[in-house]
Amino acid sequence: MRTRSQDLSDVLCIDHERRTKIDMVFEKVIDHVDAEIKRCPACGATIKGVFPPDIHGLLQYGDGLKTFVINLLIGQMVALNRVQKLVKSMIGVVIAEVSLLKFVLRLHQAWQAGSSKLSRRYSIHPRLMSMKRLSELT
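### Points about the nonpolar core
Ranked by internal contacts, the top residues of the largest apolar core, which has 14 residues, are Leu 65, Val 69, Val 83, Val 87, Ile 91, Ile 95 and Leu 100. For this core, the element with the most residues is helix H1 (residues 63–75), which contributes 5 residues. If we skip the residues at most four places from it in the chain, Val 87 touches Leu 65, Phe 68, Val 69, Gly 92, Val 93 and Ile 95.

Here it is in structure tokens:
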């Protein structure tokens, strides 16, 4: 850990900040990443260690958990409150209904952003109900 001009390797840590990521693959996986917080003896500035690029906030949910929730809500048409209770029973954390709905919204936004590119190349085949290239349908 460095400031602009001073190496803080030998400076005592004054505090820690923890960020947590909860995800499900086949089992509940929790990764904690702790960053040291130090005070620069030269200028008195408080400097925080760097987190991995996929750890944005204090608590976040992984792609496996998001996919599971979206599948239950959209694919299986399970009621929102039942999905919330099921996830709580599996991971021990209550995820707010608005967060569950935000998973679906972000998928929708991602689909919209890429849909113009996809719709030119792919179409839903009515008999097979799968994505097929337009060139394969003709």
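After that view of the structure, there is still more to cover.
### Observations concerning the pairing of strand S1 (residues 13–24)
Where a strand is regular, its side chains alternate between the two sheet faces. Looking at chain direction, S1 and strand S2 (residues 28–39) are connected through 11 bridges and run antiparallel. Looking at the pairing, Arg 19 lines up with Val 33 of S2. Sheet analysis places S1 next to strand S4 (residues 59–61), joined by 3 bridges and oriented parallel. Residue Lys 21 lies in a different strand from S4, and its bridge partner there is Gln 60.

Calculation rules
Residues numbered from 1 in each chain as written. Predicted model: local features only at pLDDT ≥ 70, side-chain atom pairs only at ≥ 80, totals over all residues. Heavy atoms only, no water. Core = buried A, V, L, I, M, F, W, Y, C linked by side-chain atoms within 4.5 Å. Buried < 20%, exposed > 50% of the residue type's maximum accessible area, 1.4 Å probe, protein only. Helix = DSSP H or I, 4+ residues; strand = E, 2+ residues; numbered from the N terminus. Contact = heavy atoms within 4.5 Å. Pairing = 2+ DSSP bridges.

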